[in-house]
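Descriptive analysis of the structure
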Amino acid sequence: MDSTKTAKLPSVRITDLTKKYEERICVDKLNIEIMPGEIYSLLGENGAGKTTTINMLTTLIKPTSGSFYLSNFDGLKDREKIKGVFGVVSQDVAIYQELTAFENLYFLGQMYGIKKQELYNRITKLLQDANLLNRANDLVGNFSGGMQRKLTIAMAMLNKPKILFMDEPTVGLDPKSRRQIWQTLKQLQESGITILLTTHYLDEAQALSNRIGIIREGKLIVEGNIDYLRDKIHAVSNIMLKFIDHNNLEKFKKLFQDSSILKLSPVKHDEIQDSVMIKTPKNISLDEFFNILYKLLADNNISYSYFSVLEPNLEDIFIAITELENP
Ligand SMILES: Nc1ncnc2c1ncn2[C@@H]1O[C@H](COP(=O)(O)OP(=O)(O)OP(=O)(O)O)[C@@H](O)[C@H]1O
Ligand SMILES: [Mg+2]
């Protein structure tokens, strides 16, 4: 078999995936491909269809139409085989509070039919990776939220899945625990696991993912890496210019107003700092805008001491996309 060829096939391939409950379309012709080792974040507001999508991919519910493949197994035809390919961390923590961390993993491993010695080895390694080895024999009910979440990830990894689905993996966790989970996800990615996660946290998607898809009312409205999303929404970038003195600021203000293109961009002056904050206009690209701005400064001998682009974070992008879709 040509391994270079197989390596390029997507781990997750979703085609026109749709879920209807009576007349309500909850997931609407979703198309997503995720490559091996990629972290893909599905972002969306409450009720957007994230959990319904994960539930279809993990065979909990049947799609109304469309298809999906996980590591080349047909999600509709190979429903039994496919279960060996993925692990899932669901929106609600699904662990037995009255058992220890070890017991939770042990009973799950028995359900998978993993042999005793192998099971011990895997549990030790997973607890070690999760920094929980010294808490192996403590009741899970006494664990913190972050520790419980780490244990659920360990449980999802017990069957050595190639793909991990995670529905809001850090919801309700404090900032430190969230970052620990991020680190765990990064380590899993380095070991070659493909991850599809859902989140409301824009900073999380930004920090973790290779690509982000934004879903609204069951439809994927935009998809790409963070740079692509920024580019698409360049209008929300801010440019900060600080002039060497007030005189240069005044010269700039006058020229800016006279320029047919630049006068369209919203600008805020700071008379004390001798600086301006310019919002890039919607009608031209960021590059074109830079060129016009640089030329204006150079042609008129305007001196500035500082020039920087404040890039939008995902929150800005999310709001801008929502506005674009609802003008
Ligand atoms: N069993 C069901 N019967 C009817 N409607 C359902 C059912 N399950 C989900 N829905 C509807 O599907 C839509 C999407 O729900 P889903 O749980 O997938 O959203 P979500 O993006 O995961 O939201 P959240 O961020 O709140 O978790 C919602 O309108 C919801 O009411
Ligand atoms: Mg959900």
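How each quantity is defined
Residues numbered from 1 in each chain as written. Chains lettered and ligands numbered in written order. Predicted model: local features only at pLDDT ≥ 70, side-chain atom pairs only at ≥ 80, totals over all residues. Heavy atoms only, no water. Pairing = 2+ DSSP bridges. Helix = DSSP H or I, 4+ residues; strand = E, 2+ residues; numbered from the N terminus. Contact = heavy atoms within 4.5 Å. Axes fitted to C-alpha atoms, helices over the stretch in contact; angles between N-to-C directions. Near = heavy atom within 4 Å. Polar contact = N/O pair within 3.5 Å; in protein donor to acceptor, adjacent residues only side chain to side chain. Areas by Shrake-Rupley, 256 points an atom, 1.4 Å probe, with all protein chains shown as cover. Nonpolar A, V, L, I, M, F, W, Y, C, P; charged D, E, K, R; others polar. Parallel < 35°, antiparallel > 145°, perpendicular 65-115°, else oblique. Left-handed = near helix turned anticlockwise from the far one by under 90°. Salt bridge = Lys/Arg side-chain N within 4 Å of Asp/Glu carboxyl O. Domains from an automatic or database assignment. Core = buried A, V, L, I, M, F, W, Y, C linked by side-chain atoms within 4.5 Å. Buried < 20%, exposed > 50% of the residue type's maximum accessible area, 1.4 Å probe, protein only.

1. What about the sheet that holds strand 2 (residues 24–34)?
If you walk across this open sheet you meet the four strands as 2-1-4-5, and the pairing is antiparallel. Edge positions in the open sheet fall to strand 2 and strand 5 (73–74), since each of these has one partner strand only. Pairing analysis gives seven bridges linking strand 1 (residues 12–21) to strand 2, with the strands arranged antiparallel. Within strand 2, the residue paired with Lys19 across the bridge is Val27. Contacts from helix 2 (residues 50–57) reach strand 1, strand 2 and strand 4 (65–70) within the one sheet, and its direction differs from that of strand 1 by about 115°.

2. A short note on the site of ligand 1
Within the structure, ligand 1 sits among 14 residues, and Asn46, Gly47, Lys50, Thr51 and Thr52 are positioned closest to it. One nitrogen or oxygen atom from the side chain of Thr52 is found 2.5 Å from an oxygen atom belonging to ligand 1. The separation between an oxygen atom of ligand 1 and a polar side-chain atom of Glu168 is 3.4 Å. Burial of ligand 1 by the protein chains amounts to 64% of its free accessible area of 640 Å². Those elements that place two or more of their residues in the shell around ligand 1 are strand 2 and helix 2. Of the residues assigned to the shell around ligand 1, the class counts are three nonpolar, seven polar and four charged.

3. Looking at the packing of helix 10 (residues 246–258) against helix 11 (residues 286–299)
Between helix 10 and helix 11, the least distance of the axes is 11 Å, while the angle of their chain directions is 130°. Relative to helix 11, the element helix 10 is oriented oblique. The chirality of how helix 10 crosses helix 11 is right-handed. Side by side, helix 10 and helix 11 meet where Phe252, Leu255 and Phe256 of the first sit next to Leu293, Leu296 and Leu297 of the second. A class-by-class count of the residues in the contact of helix 10 with helix 11 yields six nonpolar, no polar and no charged.

4. Details of the pattern of salt bridges
Pairs can form between side chains of opposite charge once their charged atoms are near each other. Tallying each qualifying case throughout the model produces 14 salt bridges. Residues joined in a network through salt bridges with shared partners are Glu38, Arg211 and Glu223.

5. What about the domain arrangement of the protein chain?
Domain annotation for the protein chain reports domain 1 (3–231) and domain 2 (235–311). On a C-alpha basis, the centroid separation for the pair domain 1 and domain 2 is 45 Å.

6. Concerning the nonpolar core
The biggest cluster of nonpolar side chains holds 37 residues, and the ones touching the most others in it are Leu151, Leu185 and Ile195. Within the residue set of this core, elements represented by two or more residues are helix 4 (101–112), helix 5 (116–129), helix 6 (145–157), strand 7 (163–167), helix 7 (175–190) and strand 8 (194–199). In terms of residue count, the dominant contributor to this core is helix 6 (seven residues). If sequence neighbours within four positions are ignored, Leu151 has contacts with Ile95, Ala101, Asn104, Leu105, Leu127, Leu132, Val140 and Phe143. Counting residues in each nonpolar core, the second largest holds 23 residues, with Leu17, Tyr40, Ile61 and Phe68 among its members.

7. Topic: unusual backbone geometry
Positive phi, normally seen in glycine, also occurs at Asp16, with a value near 50°. Along the chain, the position of Asp16 falls in strand 1. The class of Asp16 is partly exposed, set by a relative accessible area of 33%.

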